[in-house]
Structures are given as C-alpha cells and as structure tokens.
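Per-entry structural report
Listed below, chain by chain, are the residues.
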Amino acid sequence: MKIKKLRIHNAFTNILSLMMIFLMLVTSNSMWLLKVHRRIPTTVLRFTLTGIILISCILPILSNPKKLSMPKFIRCLFVAGMASVFAVTTNTNRTVYMKYALVIIIAGIVYFSVIDNPEKIWNLYTDVVVCICIMSLIFYVFGSILHIIKPTGVFVFSWGDNVGMRCSSYFNIYFEPQRLDFFGFKNIVRNSAFFPEATMFSFVISIALGHELLVNPAPDKRKCIILTVTALSTTATLGMMTAVMVYVFRYIARIMGEKKISLKNIGILCLAGAGILLVKKILDYKTTTDRGEGSMEVRMDHVVACLKAFSHNPAFGVGYNNLNGVLRYAQYKQGISVGLLYTVACGGIVMLIVYMYPLMYYTITNYRHKNYNHMFYGILIFILIFVNAITNTTIILLMIGYMTAYMCRSSTVPEKMLSMLKIRSGRV
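Report on the accompanying structure. Note that the structure is a prediction, hence the values are computed from the model and not measured.

**Overview of the overall build of the protein chain**
Summing up its helical and strand segments, the protein chain has 16 helices and six strands in all. Residue burial in the protein chain is summarised as follows: out of 428 residues, 49% are buried. Residue pairs at least 24 apart in sequence account for 71% of intrachain contacts in the protein chain once pairs closer than 6 positions are excluded. Total accessible area on the protein chain is roughly 20,800 Å²; 66% of this is exposed by carbon and sulfur atoms.

**Focus on helix H13 (residues 340–368)**
In this model H13 runs just 25 Å from its N-terminal to its C-terminal C-alpha over 29 residues, more than 12% under the 42 Å that 1.5 Å per residue would give. Counted residue by residue, H13 has 21 buried out of 29 residues, so it is predominantly covered. In the segment just after H13, Lys370 is the residue with positive phi, at about 60°.

**Quick notes on helix H6 (residues 118–145)**
An ideal rise of 1.5 Å per residue puts 40 Å on 28 residues; H6 measures up with 39 Å between its terminal C-alpha atoms. Along its length, H6 shows its largest kink, about 25°, at Phe139. Trailing H6 by a residue or two, His147 shows a phi angle of about 60°, which is positive.

**A short note on unusual backbone geometry**
Despite not being glycine, Ala193 has its phi angle at roughly 55°, a positive value. Tracing the chain through its elements places Ala193 in the loop between strand E5 (185–189) and helix H7 (198–215). Of note in this structure, Thr235 is not a glycine but carries a positive phi near 50°. Structurally, the position occupied by Thr235 is in the loop between helix H8 (221–233) and helix H9 (237–258).

**Some thoughts on the pairing of strand E2 (residues 162–170)**
Looking along a regular strand, one sees the side chains alternate between the two faces of the sheet. Of the pairings in the sheet, the one linking strand E1 (residues 153–159) to E2 comprises six bridges and is antiparallel in character. For Gly153, the partnering residue across the bridge sits in E2 and is Ser169. As defined by bridge partners, E2 adjoins strand E3 (residues 174–176) across three bridges and the pair is classed as antiparallel. Counterpart to Ser169 in the pairing with E3 is Phe175. Where E2 folds back onto E3 in an antiparallel hairpin, the turn is made up of three residues, including Phe171, whose phi is positive at roughly 55°.

**Some details on the environment of Asn29**
Relative to the helices and strands, Asn29 is located in the loop between helix H1 (2–26) and helix H2 (31–34). With a relative accessible area of 27%, Asn29 lands in the partly exposed category. Along the primary structure Asn29 and Thr42 are separated by 13 residues, whereas in three dimensions their C-alpha atoms are 9.8 Å apart.

**Re the nonpolar core**
One finds Tyr125 and Tyr377 to be the most contacted residues of the largest nonpolar core, which totals 107 residues. Residues in contact with Tyr125, not counting those within four places in the same chain, are Ile21, Met24, Leu25, Val204, Ile207, Ala208 and Ile395. In this structure, Val318, Ala330, Leu341 and Ala345 belong to the second largest nonpolar core, which totals 14 residues.

**Quick look at the environment of Val303**
Note on placement: Val303 falls in helix H11 (residues 296–312). As a C-alpha pair, Val303 and Val338 span 35 residues in sequence and 7.0 Å in three-dimensional space. If we skip the residues at most four places from it in the chain, Val303 touches Val338 and Leu341.

**Concerning the packing of H6 against H8**
One can describe the packing of H6 onto H8 by two numbers: an axis separation of 9 Å at closest approach and a directional angle of 50°. Taken together, the axes of H6 and H8 are oblique relative to one another. Between H6 and H8 lies a crossing whose hand is left-handed. Facing Thr126, Asp127, Val129, Val130, Cys133, Ile134, Ser136, Leu137 and Tyr140 of H6, the residues of H8 in contact are Lys223, Ile226, Leu227, Val229, Thr230 and Ser233. Class assignment for the residues of the contact of H6 with H8 results in nine nonpolar, four polar and two charged.

The rules behind each value
Residues numbered from 1 in each chain as written. Predicted model: local features only at pLDDT ≥ 70, side-chain atom pairs only at ≥ 80, totals over all residues. Heavy atoms only, no water. Helix = DSSP H or I, 4+ residues; strand = E, 2+ residues; numbered from the N terminus. Buried < 20%, exposed > 50% of the residue type's maximum accessible area, 1.4 Å probe, protein only. Contact = heavy atoms within 4.5 Å. Areas by Shrake-Rupley, 256 points an atom, 1.4 Å probe, with all protein chains shown as cover. Expected span 1.5 Å × (residues − 1). Bend = angle between axes of the 7 residues up to and from the residue. Pairing = 2+ DSSP bridges. Core = buried A, V, L, I, M, F, W, Y, C linked by side-chain atoms within 4.5 Å. Axes fitted to C-alpha atoms, helices over the stretch in contact; angles between N-to-C directions. Parallel < 35°, antiparallel > 145°, perpendicular 65-115°, else oblique. Left-handed = near helix turned anticlockwise from the far one by under 90°. Nonpolar A, V, L, I, M, F, W, Y, C, P; charged D, E, K, R; others polar.

Geometric values such as these leave the question of function open.
The structure is reproduced here in structure tokens:
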C-alpha cells in the first residue's frame with residue numbers, strides 16, 4: 001500500500017514538474033505569447049505557473065513541517081524582502097512587476113527551499129530542452145535548409161516595437177522569425193525553435209548544457225552533443241561562445257580539482273581563450289542582420305545608456321522594465337541588447353542585490369568547498385544575465401529562487417550565526 005502511494009505521489013509530482021517547466025519556457029518570450037490577438041493572456045499563464053509551484057510545495061511541507069522553520073529561511077527572507085521593497089518604491093509598472101516578477105521570485109524561493117532535490121527540476125528541464133532541440137533540428141534541417149518539409153502557415157506576431165511581423169510556421173511549433181547573412185551565405189534561417197530570436201533559444205540551451213556538464217555528476221554524452229549541435233545551428237554568437245565556454249569551464253574545473261597545473265594545461269587554456277575571442281571576432285564581423293543584432297557599437301551604446309539611467313536614481317532605478325526611461329539616453333532605440341545593466345538601470349541597487357547576492361553566494365560557497373563545477377555554473381549564469389537581455393524571463397526569475405534557496409540548504413553558516421539561529425528557534 002505504501003509503495004502504491006509512493007508511486008502515485010511520484011507520478012503526481014513529475015506531472016506538476018513537467019507542467020511547471022513547460023510554462024517556464026512558454027512564458028519566457030515564446031512566440032505563442034507574442035501572437036497578435038492571442039487568446040490566453042500572459043498574466044493567466046504566469047499565475048497558473050505560480051499556482052503549480054505553490055501546489056508542488058504542499059506535499060513536501062505536509063510530509064516534513066520542519067522545512068518551514070524560520071532559521072532555514074533567514075537568508076531567503078532578505079532576498080524576498082528586497083524584492084518586495086522594490087514593489088513599494090518603483091513608480092513605473094508596479095502592478096506588472098508584482099504580477100510578473102515578484103510572485104515568481106517568492107514562489108520560486110519557497111519551492112526550491114522545501115523540495116528534497118532541487119537539482120532534479122533542472123535535470124528535467126534539461127531533458128525537456130533536449131526534446132525541443134531534437135524537434136527544432138528536424139524542422140531546421142528538413143524544413144528551413146533542405147525544404148523537404150514545407151511551412152504550414154504564416155504566423156503574425158509582435159516583438160518589441162515591431163507590430164504585425166510575419167514569419168513562416170511549421171504546425172505552430174517551429175518558426176522562422178530571423179534570417180541573416182552568414183559567411184557569404186545570404187538569407188540564412190536561424191534555428192529559433194519557438195522563440196522570436198535565435199539568441200533567446202541559445203540562452204535556453206546554454207542553461208541546459210551548463211547544468212548537464214557542470215552540475216550533473218554523470219553527464220549524458222548524447223544530450224551534450226544534441227545541445228551543442230543545436231546551439232551551433234542558432235548561429236547566435238552568444239550560443240556558440242557559451243557552448244565552447246562550458247566545455248572549457250569543465251576542463252578547468254577538472255584541472256583545479258586534480259591540482260594538475262602543467263605547461264600543457266596552461267597552453268590548452270590559452271589556446272581555448274584565444275579561440276573563443278577569435279570566434280567572437282569572426283562572428284561579429286561575418287554575421288549581420290537587418291536589426292544590427294550583435295553589433296558591439298549597439299551594445300556599448302546601451303551600456304552607456306543604462307549607466308546614465310542608473311545615475312538618475314541609483315537606489316531604485318527608473319522603474320521596472322522601463323525601456324523608454326533607459327533608451328532616452330541611447331542612440332540606438334530598436335530595443336535593449338544588455339541584461340544585468342538594464343535591470344540595474346530599471347531597479348537600482350535594490351534589484352542588483354536581488355539578482356547578485358544569491359548568485360555570488362552560490363559561486364563563492366562552491367569555490368570554498370572546492371566544488372569547482374558548480375562554481376563555474378554560477379559564473380556561467382552571471383555571464384548569461386550580464387550580456388543577454390533575459391533578466392526578466394521566467395527562467396531567470398526561478399533561477400534567482402533556486403540560488404536563494406541554496407543559501408538555506410548550504411551548510412556553510414558561520415558559527416556565530418548558527419548559534420543565534422538555534423537560540424531563536426529554541427533548539428539550545
């Protein structure tokens with residue numbers, strides 16, 4: 001009887017986890033939410049995701065009520081408190097922030113704090129992304145490249161300031177929103193899966209590849225190959241560089257763990273670093289799109305604009321997702337091309353703490369524990385949110401919850417803090 005109940009419990013938990021991951025991806029700028037005259041509002045999906053997360057918290061809490069003890073949440077409350085403070089102080093898009101970001105962050109903190117194995121969720125995320133990669137590669141090779149599979153319709157969507165954009169659709173699960181000139185080849189389709197930009201898809205892949213190679217103790221070679229090949233098919237500079245960096249990070253972590261510093265290893269690392277820079281230079285030079293994406297000039301212009309907007313109100317920024325408030329300082333106004341600096345410009349020091357405190361704690365703690373693979377995973381997440389305009393996506397908001405909950409699970413609490421927590425909880 002107990003075995004049967006356990007199987008039912010596990011099946012129910014897995015279904016909820018799959019639904020959560022699906023909604024996490026769908027609400028991270030998928031094409032379906034950008035469709036003109038869409039039937040399901042983004043708010044409904046975000047609240048559905050939040051509901052699934054909270055329902056997933058009930059069973060672990062009921063099975064072990066101690067998971068909600070105050071000492072365990074003492075650090076989490078600080079991050080959640082800072083995120084809540086911004087909801088009070090921001091004068092721009094306050095309601096949007098509370099509906100789209102705040103509830104996801106807090107729900108994510110609670111969820112990853114009470115479940116027994118938070119890494120299992122990201123393992124499942126990787127499996128789902130691998131399935132998406134396989135699907136996209138089939139349509140990309142046999143549809144976009146060889147034209148054996150024909151488009152089934154035209155998809156009308158809005159992205160940024162561009163309203164009523166059109167692209168080819170394959171059964172409404174694969175789209176061709178972007179084309180570019182690549183190494184002399186004209187009008188090449190980029191593998192974007194069901195996202196409006198190949199860069200967004202490469203970001204989704206980078207999270208999965210990084211987790212598989214740096215967090216999973218036994219990486220699956222087949223998954224790594226599929227993720228890497230798909231990242232290359234996006235022809236996104238960031239995706240290609242990230243794929244290379246993940247393998248380099250894993251190699252460095254192994255060297256640091258084995259403490260084998262030799263001229264051979266140093267030479268390999270130097271060549272890898274030079275190769276990454278060379279690839280970036282070549283791609284920046286050879287890859288062009290009609291929107292100027294990937295241009296270093298555009299990125300630097302947006303960096304300066306974000307810094308100017310931040311100086312206007314260093315504590316709380318110019319307001320949540322206040323794109324116009326930042327772009328008024330920029331020359332290129334076709335959209336933002338940086339990530340963390342844009343968040344800091346909009347949310348000031350308060351939101352910088354919300355994003356960076358958990359991430360820095362995760363990275364530094366794993367370095368002190370000599371868990372170098374996890375340390376480099378933290379560095380990878382930092383690189384992704386710094387250079388990509390993805391800090392407001394559901395994936396990153398839940399990643400904040402995951403990193404924050406890690407502080408609750410970490411055993412590296414200072415002795416004085418630990419004794420204070422024990423006294424307050426009545427365990428001394």
